[in-house]
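If you want the building blocks of each chain, they are given just below.
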Amino acid sequence: MKKTQFNNKKQDLLQKKVMYSLLAAGFFCSIGIASTAVAAVASEKVINGDMPSGLETNTEYVNITGGSRITGTVKVINDADNQTGAHGSALSIRTDEAIIIDGDGHVEIRTYNDNSYAHTNAVRLHNDGASLLIDKAGYNVTMALDAAGGQSTKYDEVAGIYVANNNQNVVINADNINFENNGYNRGYGIWTGASATNSQITINGNTNFSDSASATEAYAIRHDHGSTVINGDTNINMVGAGGSGLRAINGTVEFNGNTVINLSGDVAYIDRYVPAFGIWNGATPYGVTPTTGAHVKLTGNTQINTTGAGSAAVVTELAGGTTEFFGSTKITTAGDSGKWGRGSGSDIGAHGVYNKAGTTNFHGNLFIDTTGQDATAIHALSGQVNLNHYSDGTEALAVITTAKDNAHGIYNNKAVVNAESHVNIFTAGAAASAVKVDGASTTTLNGRNYLTTSGDKAHGIEVYAAASSKGSEEKAAQVKVGSDSTVYTQGNQSHGVYTDMLDAEISLGDDISVTTKGSGSHGIYASRGVIETGDGLRLSAQGTGSHAAYADSADGSIKFNGGADISAADPDSYAVYADKSGKIEGITADSRFTVLGNMLADNSGSIELFMAANSLFTGKSETENSGIIDLDMTDSMWRMTGSSSLTNFTNNKSVVDMTKDGGVFSSLTTENLSGNGGYFVLDIDGTTNVNNSDRIYVTDTFDGTHGDRLK
């Protein structure tokens, strides 16, 4: 008989009609036509031929050593009397010839262990080039790990199906494919091993993974190499400590259907701390090289729910890894921070997305809800996180909510975070900023965004790096926010847009709205770094001691690249305030400003505004301690509410109404006055003495033509 290998092409295995045509042509002529070749050795069965009546046995293990076709029901059940031997499997495939399981009837393969043995898989492929086709459309396939008493104390890896070596191929066609782990520590539903390069697993049907509460650090899928593809809906329910949905480090994994992952386990500890992660792309288990990161792709709608401490939903941690979601993705986490790593471990929050390296992409609507302490929705340390529209161009929406303290909407350290979708962020905890950046990174929110916080010290946009005398501090972060966006904070000391990082740049698009309502909550605050705004800015600080536009160091500046409506409601607050050599300027041509509140330049701070036609300034202007204020007004109005001082004042056809000071007499002092066609409206009472009037003082140069009106 001619000896052949099973065709390694997936499509040949996926289509039954192809398989049967090959059979008709005698392609598998090495398999006996109607005979069964079974040799019994102790409690072992050895198969090297066809079994047309199926296979039902509870022997210790079954070895398939030659090409075989098993037709009918298959049940290989280990139990207390017939345990899988050391380093054995309930069903072992020890040939590179084709193995086919088809026909009517279900498939159930269960391994059993009472701690006497380790590495007891349900199914294992041993030889390079080994192949297995389970063709059971209309039936169920179950591969199970059963521990005596529901719990094993062994910690050696074991799997429902283990693809161990190179160029191996598994195809399963069934209505439901079930992988059960009843008490095995480090037990996996599917495992492609460290030597499984170029190996493939393809599952066509709805696939279910589960473990028990007594299982520790178990994964639905452990993927070290090769390719795993699930064509159908996937449901993963892991309840044991450290029980994760997928751990992948190389190769490709695809979920081509709707995917639901529910994890309720806390942190596991065997030889390290391991939380329960939903999708874990980039873990580095012992003995697996190289570790370049996997390409994980979920093409349907995805839902990931976790409840354990440190239980992040999506983790990407190797530079070459890519995790991609197509369709709508919903993530919820409920845990506080937990331990992760060897030794004493390090803290990790139950983040929605944790990007340590590599790339995480969302192509569609994204919903993230975290309710734990320190549980940031998107936590990016390095690499890239991209929130994209749908692949067909349909606009996408990202809705992010966090409930507890230090739980930011987006946190970026040294990564690139890019959102083409419209991002809505709601945080409720203290020190939980909508967007927080503390390293040299790039954050771009190109859509129409809504960023709101309600806790104290919770900023809308926060760029911060602690000052360092050694010059090692982070610097030069970049943040960009798209037009028509809204920033809204309600807590105390919760700034709308805030930078305190050397060389940082925050750029706001046109028609941005920034509102703060708490005390000490500035609207736009540049301590170090630059904040630039587009045209049509609406800026309102409504709390006590809250300045609307505030720069307070020589390294901090605000630049209005267009007009703005600026207001500060508290009498002791300033609409525009430059201190300690800080700089605020708005010198773009044709920019209309409405400023409701006072301006102050102190300690060498400087303010320079070109107020184009129809601008309005209601308030007073103050320069102290070498502060500089330069105002250039054209066809505009200044309703002066108290005595004011300027450095340079250009008045072109504008009105300065000095009668809006509550009936007292005020003065306007400027070093230089220029312009043409403007005039001043002054209060005067000449019946008593000459000091009973508003007064204008020009201490240096006076140019142009100016008029006055007396009231």
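These numbers come from a predicted model, not from an experiment.

## Here we look at the pattern of salt bridges
For the coordinates displayed, the defined rule picks out 18 salt bridges. One salt bridge in this structure joins Arg-110 and Glu-108, with 2.9 Å as the shortest N-O distance. The exposure class of Glu-108 is partly exposed, given its relative accessible area of 23%. Asp-271 is the partner of Arg-342 in a salt bridge, and the nearest nitrogen-oxygen pair spans 3.9 Å. One end of the pair, Arg-342, is in the loop between strand E30 (338-340) and strand E31 (346-348); the other, Asp-271, is in the loop between strand E22 (268-269) and strand E23 (273-274), with 71 residues separating them in the sequence. Looking at Asp-271, the relative accessible area reads 36%, which means it is partly exposed. Overlapping salt bridges, with partners in common, bring together Arg-186, Glu-217, Asp-271, Arg-272 and Arg-342 in one network.

## Considerations on the confidence of the model for the protein chain
Here the protein chain averages 90 in pLDDT, and 90% of its residues register 70 or above. Predicted confidence is poor over residues 1-42, with pLDDT under 50, and the contacts of this stretch with residues over four places away or in other chains come to 78 contacts.

## A few points about the packing of aromatic side chains
Evaluated as defined, the whole model comprises 20 aromatic pairs. With 6.2 Å between their ring centres and 70 degrees between their planes, Trp-280 and Trp-340 make a pair best called edge-to-face. Residue Trp-280 is located in strand E24 (residues 279-281), and its partner Trp-340 is located in strand E30; the two are separated by 60 residues in the primary sequence. The pair Trp-280 / Trp-340 is uniform in exposure class, with both members buried. An angle of 70 degrees between the planes, with centres 6.4 Å apart, marks the rings of Phe-649 and Phe-680 as edge-to-face. In this pair, Phe-649 sits in strand E63 (residues 644-652) while Phe-680 sits in strand E66 (residues 676-682), placing the two residues 31 residues apart along the sequence.

## Regarding the environment of Asn-361
Mapped onto the elements, Asn-361 comes out in strand E33 (residues 359-363). Beyond its immediate stretch of four places on either side in the chain, Asn-361 contacts Thr-322, Thr-323, Glu-324, Phe-325, Asn-386 and Asn-388. Reaching out from Asn-361, the side chain makes a polar contact with the side chain of Glu-324 at a distance of 3.3 Å. At a separation of 2.7 Å, a polar atom in the side chain of Asn-361 contacts the side chain of Asn-386.

## Remarks on the nonpolar core
Formed by 137 residues in total, the largest nonpolar core has its most connected members in Phe-560, Leu-631, Trp-638 and Phe-649. A per-element tally of this core places strand E11 (residues 131-147) first, with six residues. Residues in contact with Phe-649, not counting those within four places in the same chain, are Leu-631, Met-633, Trp-638, Val-656, Leu-668, Thr-670, Asn-672, Leu-673, Ser-674 and Phe-680. Judged by nonpolar contacts, the second largest core, of 17 residues, contains Trp-191, Tyr-219, Ala-312 and Ile-348.

## Quick word on the environment of Asn-181
With respect to the helices, strands and loops of the structure, Asn-181 is situated in strand E13 (residues 169-182). On the basis of relative accessible area, Asn-181 is assigned to the buried category, the value being 4%. Remark: the alpha-carbon pair of Asn-181 and Leu-145, spanning 36 residues in sequence, is separated by 4.8 Å. When neighbours within four sequence positions are excluded, Asn-181 is seen to be in contact with Leu-145, Gly-187, Ser-210, Asp-211, Ser-212, Ala-215 and Ala-218. At 2.8 Å, the side chain of Asn-181 and the backbone nitrogen of Tyr-184 are in polar contact.

## Some details on unusual backbone geometry
Positive phi is not limited to glycine here, since Lys-580 has a value of about 55 degrees. Examined against the element boundaries, Lys-580 turns out to sit in the loop between strand E54 (574-579) and strand E55 (583-586). Of note, the phi angle at Ser-581 is positive, near 70 degrees, even though the residue is not glycine. As for its position among the elements, Ser-581 is in the loop between E54 and E55.

## Details of the side chain of Thr-329
As for its placement among the helices and strands, Thr-329 is situated in strand E29 (residues 329-333). What makes Thr-329 buried here is its relative accessible area of 1%. If near-sequence neighbours (up to four positions away) are discounted, Thr-329 is found in contact with Thr-302, Phe-362, Asn-365, Leu-366 and Phe-367.

## Some thoughts on the pairing of strand E65 (residues 667-674)
Two strands pair when backbone bridges link them, and E63 and E65 are joined in this way by six bridges, in the parallel orientation. Each bridged residue has a counterpart across the sheet, and for Phe-649 the counterpart in E65 is Leu-673. For E65 and strand E67 (residues 695-702), the ladder comprises six bridges, and the chain directions are parallel. Within the sheet, the bridge partner assigned to Thr-669 lies in E67 and is Tyr-697.

## Some thoughts on the environment of Leu-646
Among the secondary structure elements, Leu-646 is positioned in strand E63. A relative accessible area of 4% means that Leu-646 is categorised as buried. A sequence separation of 17 residues divides Leu-646 from Ile-629, and the C-alpha atoms of the two residues are 5.2 Å apart. With near-sequence residues (within four places) excluded, Leu-646 lies in contact with Ser-621, Thr-623, Ile-629, Leu-631, Trp-638, Leu-668, Thr-669, Thr-670 and Glu-671.

## Concerning a negative patch on the surface
The grouping of Asp-484, Asp-510, Asp-511 and Asp-535 at the surface amounts to a negative patch. Its location among the elements puts Asp-510 in the loop between strand E47 (497-508) and strand E48 (513-516). Looking at Asp-510, the relative accessible area reads 35%, which means it is partly exposed.

So, how was this worked out
Residues numbered from 1 in each chain as written. Predicted model: local features only at pLDDT ≥ 70, side-chain atom pairs only at ≥ 80, totals over all residues. Heavy atoms only, no water. Salt bridge = Lys/Arg side-chain N within 4 Å of Asp/Glu carboxyl O. Buried < 20%, exposed > 50% of the residue type's maximum accessible area, 1.4 Å probe, protein only. Helix = DSSP H or I, 4+ residues; strand = E, 2+ residues; numbered from the N terminus. pLDDT = per-residue confidence, 0-100. Contact = heavy atoms within 4.5 Å. Phe/Tyr/Trp six-rings, centres within 6.5 Å; stacked < 30°, edge-to-face > 60°. Polar contact = N/O pair within 3.5 Å; in protein donor to acceptor, adjacent residues only side chain to side chain. Core = buried A, V, L, I, M, F, W, Y, C linked by side-chain atoms within 4.5 Å. Pairing = 2+ DSSP bridges. Patch = residues over 30% accessible without salt bridge, like charges linked within 9 Å, V, L, I, M, F, W, Y side chains within 5 Å. Areas by Shrake-Rupley, 256 points an atom, 1.4 Å probe, with all protein chains shown as cover. Lys, Arg positive; Asp, Glu negative; His and termini not counted. Charge placed at Lys NZ, Arg CZ, Asp CG, Glu CD.

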